[in-house]
Structure formats: structure tokens, C-alpha cells
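Chain by chain, the residues run as shown.
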Amino acid sequence: MKKFLSFILIFWVSFSFSQIWSSYGIKVAPENEESVVKIMDDYFTNNKVEGVTVSLYSIMFTAADLDFTHEVIFSGEAEAMANLYVPEFQDTAWQLFSSKINNFADNVFSGQGWRNFNFGETMPFQLVITFEGDWEPINKWMDMSKQLNEKYPQDFRSFAAGGISVGGPSNDASHWAVTGWKTFADYIENWNNTQKFEAENPAYVKEKERMEKDIDYSSTGPVTKTMRVLVKQW
């Protein structure tokens, strides 16, 4: 069994983007969920990782072959994230924390990557889509999304996207996008809110249509889709 939060040495200086993340999908039995939350809360409340945000998510909906119930994500600037993966970080407190967690959680997958952009505050209900395709159209889509979200903010949802360097729920996926909402009701109303936004912003629709004419989506497609909710963040 792989140990939860197994360490992988990564040369951070090779990445083009400074916002880095590490993700760990774990499987927790329902009767152990409260114990896992308490162990994480006790450790990260008293052992802040400077410059790094730690997020614990509970998986709401996912495909049967993605056999994980929770996801732990570490994110921050490259220099701060690199400190997680040095021997000095594995002190007695961390070793005790890891030992406790391993009694209640099985590691399903781990992954690492970067964030191209993030719009809006962290919203708890999130749809995560990983996808694959040629880098040229994906980069064009990233640039388009960044420009449109900067020019035409959509406050009824948050939106972030980036790439996957290694691992994750599937080896096929190379990029990801996360859309978030404050409530599940907002998630359900997303299509209606999007239609309303487009009706109120015809310039956005025209600009998006113009930019998309230069993007060939034929080589791109989704790999996994997961709905999750934020349990706690440190």
C-alpha cells in the first residue's frame, strides 16, 4: 500500500508557472471521515506551512473507476511548495501526523501540476474536469479564457485552469479546469445564469465567437469529471 502523501523529488525550477499544486486522492471509510478531518485539523492548525494553502475536499460525484472519497491539495508559489519536499520537513510532528492518517486513509492517486489562472474567490462546490489534446489549441483556449474572464467577470461562479505535470486521476489527462459555486443550488442554476450573463453582455458573446474561430477543438476532449465540496482549508 502506498503511503499517504508519499514524497516525490521535483525540480521546481523547470516549471514555467509559479503557482504550483500537489494533489492526493484518498479513500476513507464513512466511519473514519470524522477522524481524518480531526487529524488534519489538529496538525495544520498548529503547523502552518508558510506560503502554502492546504485544502481538504469531499468527493460528491465521480465515475466508478475513480475510487476515491476525498482529495487533499497543497498549493502555493513554487519556492514555498518546494519546502514540502525537503528532508527537513519530515520532522517528528509530520511523521506522527502521517502515521495517524495512514491508519484511516488509503492513497488512490497523486498528482502534481500548475495553475495558469484563477478568477474569483474559492467557492466550495466545484466541478473538476481534466482533459487532453494538442498543446497549441489548449494554449489558445487558456489565453482566450484568461482574457475574457479579466474583461467580463462572472461573479456567479469561480473559474481556474492549468496543467498536469505528472500523475492525477488519469495518465491520459494533460490539463484541468475547475468551476466553483457558493452553493449547490448555484451549480444547478449555472446554465441559466450563463444564459442571462450572455444576454446582458452581447460584446462578450461576439468576442468569444471571434476568438474561438481560431481554435481547433477536434484534438481535445475530457478525460475525467468529478464534483467535490470543500470540507476545510488551512
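What you see is a predicted model; the values in this text were computed from it and never measured. (Residues numbered from 1 in each chain as written. Predicted model: local features only at pLDDT ≥ 70, side-chain atom pairs only at ≥ 80, totals over all residues. Heavy atoms only, no water.)

**Section: the overall build of the chain**
Link 1 in the chain: Counting its secondary structure elements, the chain contains seven helices and eight strands.
Link 2 in the chain: In terms of overall size, the chain behaves like a compact globule, its C-alpha atoms giving a radius of gyration of 19 Å where 234 residues would be expected to give roughly 17 Å.
Link 3 in the chain: In terms of overall dimensions, the chain has C-alpha extents of about 55 × 40 × 35 Å along its principal axes.
Link 4 in the chain: Pairs at least 24 residues apart make up 82% of the contacts formed inside the chain by residues separated by at least 6 positions.
Link 5 in the chain: Of the roughly 12,700 Å² of accessible surface on the chain, 51% is carried by carbon and sulfur atoms. (Helix = DSSP H or I, 4+ residues; strand = E, 2+ residues; numbered from the N terminus. Rg over C-alpha atoms; globule rule 2.2 N^0.38 Å. Contact = heavy atoms within 4.5 Å. Areas by Shrake-Rupley, 256 points an atom, 1.4 Å probe, with all protein chains shown as cover.)

**Details of the packing of helix H6 (residues 190-200) against helix H7 (residues 202-212)**
Link 1 in the chain: One way to put it is that H6 packs onto H7 with a least axis distance of 5 Å and a crossing angle of 95°. With respect to each other, H6 and H7 are oriented roughly perpendicular. For the pair H6 and H7, the contacting residues are Phe 197, Glu 198, Ala 199 and Glu 200 in the first and Pro 202, Tyr 204 and Val 205 in the second.
Link 2 in the chain: A per-class count over the contact of H6 with H7 returns five nonpolar, no polar and two charged. (Axes fitted to C-alpha atoms, helices over the stretch in contact; angles between N-to-C directions. Parallel < 35°, antiparallel > 145°, perpendicular 65-115°, else oblique. Nonpolar A, V, L, I, M, F, W, Y, C, P; charged D, E, K, R; others polar.)

**Notes on the pairing of strand S7 (residues 175-181)**
Link 1 in the chain: Of all seven residues in S7, seven are buried; the element is thus mostly enclosed.
Link 2 in the chain: Residues His 175, Ala 177, Thr 179 and Trp 181 point to one face of S7 and Trp 176, Val 178 and Gly 180 to the other, with burial holding for every one of them.
Link 3 in the chain: Inspection of the sheet shows strand S5 (residues 125-132) paired to S7 by seven bridges, in the antiparallel sense. Across the sheet, Ile 129 pairs through a bridge with Ala 177, a residue of S7.
Link 4 in the chain: Relative to S7, strand S6 (residues 158-167) is paired through six bridges, and the arrangement is antiparallel. For Ser 158, the partnering residue across the bridge sits in S7 and is Gly 180. (Buried < 20%, exposed > 50% of the residue type's maximum accessible area, 1.4 Å probe, protein only. Pairing = 2+ DSSP bridges.)

**Some details on the packing of aromatic side chains**
Link 1 in the chain: Inspection of every chain in the model, using the stated rule, returns 23 aromatic pairs.
Link 2 in the chain: A centroid spacing of 5.0 Å and a plane angle of 85° characterise the contact between Phe 68 and Phe 109, whose relative ring orientation is edge-to-face. Here Phe 68 is found in the loop between strand S2 (52-61) and strand S3 (70-77), whereas its partner Phe 109 is found in strand S4 (residues 105-119), with 41 residues between them in sequence. Here the two residues Phe 68 and Phe 109 agree in accessibility, since each one is buried. (Phe/Tyr/Trp six-rings, centres within 6.5 Å; stacked < 30°, edge-to-face > 60°.)

**Overview of the pairing of S3**
Link 1 in the chain: Burial analysis of S3 places seven of its eight residues in the buried class, which makes it a mostly covered element.
Link 2 in the chain: Inspection of the sheet shows strand S1 (residues 19-28) paired to S3 by eight bridges, in the antiparallel sense. Residue pairing for S3: Ile 26 is matched across the bridge by His 70.
Link 3 in the chain: The pairing of S2 with S3 spans seven bridges and is classified as antiparallel. Note that in S3 the partner of Ser 58 across the bridge is His 70.

**Describing the nonpolar core**
Link 1 in the chain: Formed by 27 residues in total, the largest nonpolar core has its most connected members in Met 40, Phe 44, Val 52, Val 54, Phe 74, Leu 84 and Phe 97.
Link 2 in the chain: Per-element tally for this core: the top contributor is helix H1 (residues 33-46), with five residues.
Link 3 in the chain: Grouped together as the second largest cluster of nonpolar side chains are 17 residues, Phe 117, Phe 131, Met 144 and Ala 177 included. (Core = buried A, V, L, I, M, F, W, Y, C linked by side-chain atoms within 4.5 Å.)

**A closer look at the sheet that holds S2**
Link 1 in the chain: If you trace the eight strands once around the closed barrel, you get S1-S3-S2-S8-S5-S7-S6-S4, paired in antiparallel fashion. Between one strand axis and the next, the sheet turns by 35° as a mean value, whatever way the strands run.
Link 2 in the chain: Here helix H4 (residues 135-151) sits on the sheet and contacts S4, S5, S6 and S7; the angle it forms with S4, its principal contact strand, is near 60°.

**Notes on the pattern of salt bridges**
Link 1 in the chain: Following the criterion strictly, the structure yields 10 salt bridges and no others.
Link 2 in the chain: With a closest N to O distance of 2.8 Å, Lys 38 and Asp 42 form a salt bridge. Note that Lys 38 and Asp 42 are positioned in helix H1 at a spacing of four residues, about one turn of the helix.
Link 3 in the chain: Glu 150 is the partner of Lys 146 in a salt bridge, and the nearest nitrogen-oxygen pair spans 2.7 Å. One end of the pair is Lys 146 and the other is Glu 150, both in helix H4 and four residues apart, which spans about a single turn.
Link 4 in the chain: The class of Lys 146 is partly exposed, set by a relative accessible area of 34%.
Link 5 in the chain: Judged by its relative accessible area of 48%, Glu 150 is partly exposed. (Salt bridge = Lys/Arg side-chain N within 4 Å of Asp/Glu carboxyl O.)

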